[in-house]
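# Coordinates in review
Now for the letters of each chain:
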Amino acid sequence: MLYAIIATDVADSLEKRVAARPAHIERLQLLKEQGRVVLAGPHPAVDSNDPGAAGFTGSLIVAEFDSLNAAQAWADTDPYIAAGVYANVVVKPFKQVLP
């Protein structure tokens, strides 16, 4: 089943994001190679694909996991959590309708 992982950043997270990004992307790449990622990306803090110093306000990942518990366990071990990037993370079942 698909699950949405919806994360909200702490204030002024950009420096922490930059430092932890390689490890964060490496984990996502493993899910992608397994064919489990539907989409993943950050929420820019301003109306731009390149927010510069404004940074990001959070992230959204939609991916396939065996269960809600498995999705939550995966989300709980994200490098962004260990680095203090995320203030909170919500994991919910997701039903894809389109495309």
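Residues numbered from 1 in each chain as written. Predicted model: local features only at pLDDT ≥ 70, side-chain atom pairs only at ≥ 80, totals over all residues. Heavy atoms only, no water.

## Quick look at the pairing of strand 1 (residues 2-9)
It is a general feature of regular strands that their side chains alternate between the two faces of the sheet. Note the following rule: When a residue's accessible area, from a 1.4 Å probe over protein chains only, is under 20% of the maximum for its type it is buried; when over 50% it is exposed; and in between it is partly exposed. Here a strand is any run of E in DSSP of at least two residues, a helix any run of H or I of at least four, and the numbering for each starts at the N terminus. Note: two strands are recorded as paired if DSSP finds a minimum of 2 bridges between them.
By the criterion of burial, strand 1 is predominantly enclosed, with six of the eight residues buried. Summarising the sheet, strand 1 and strand 3 (residues 56-64) pair through seven bridges and their orientation is antiparallel. Within the sheet, the bridge partner assigned to Ile-6 lies in strand 3 and is Leu-60. Direction of pairing for strand 1 relative to strand 4 (residues 86-94): antiparallel, over a ladder of eight bridges. Its bridge partner being in strand 4, Thr-8 is matched across the sheet by Asn-88.

## Re the pattern of salt bridges
What counts is decided by this rule: Basic side-chain nitrogens of Lys or Arg form a salt bridge, by our definition, when they fall within 4 Å of a carboxyl oxygen of Asp or Glu.
Tallying each qualifying case throughout the model produces two salt bridges. Between Asp-9 and Arg-17 there is a salt bridge, with its nearest N and O atoms 2.6 Å apart. With respect to burial, Asp-9 and Arg-17 carry one shared label: buried. Salt-bridge contacts for Asp-78 lead to Arg-27; the nearest nitrogen and oxygen are separated by 3.8 Å. Here the residue Asp-78 occupies a position in the loop between helix 2 (68-76) and helix 3 (79-82), and Arg-27 occupies one in helix 1 (residues 14-33), the gap between them amounting to 51 residues. With respect to burial, Asp-78 and Arg-27 carry one shared label: buried.

## Thoughts on the packing of aromatic side chains
Any pair of aromatic rings gets described here by the distance separating the centres and the angle formed by the planes. In plain terms, the rule: Centres within 6.5 Å are what make two rings of Phe, Tyr or Trp a pair, Trp counting through its six-membered ring; a difference in plane orientation under 30 degrees is then read as stacked, over 60 as edge-to-face, and the rest as tilted. Charges are assigned to positions over rings by a cutoff of 6 Å between ring centre and Lys NZ or Arg CZ, combined with an angular limit of 35 degrees from the ring normal.
All chains considered together, the criterion is met by three aromatic pairs. Each residue in the set Tyr-3, Phe-65 and Trp-74 is aromatic and connected to the rest through ring pairs, giving one cluster. The ring of Trp-74 has Arg-27 sitting right over it, with the charged end atom 4.0 Å from the ring centre.

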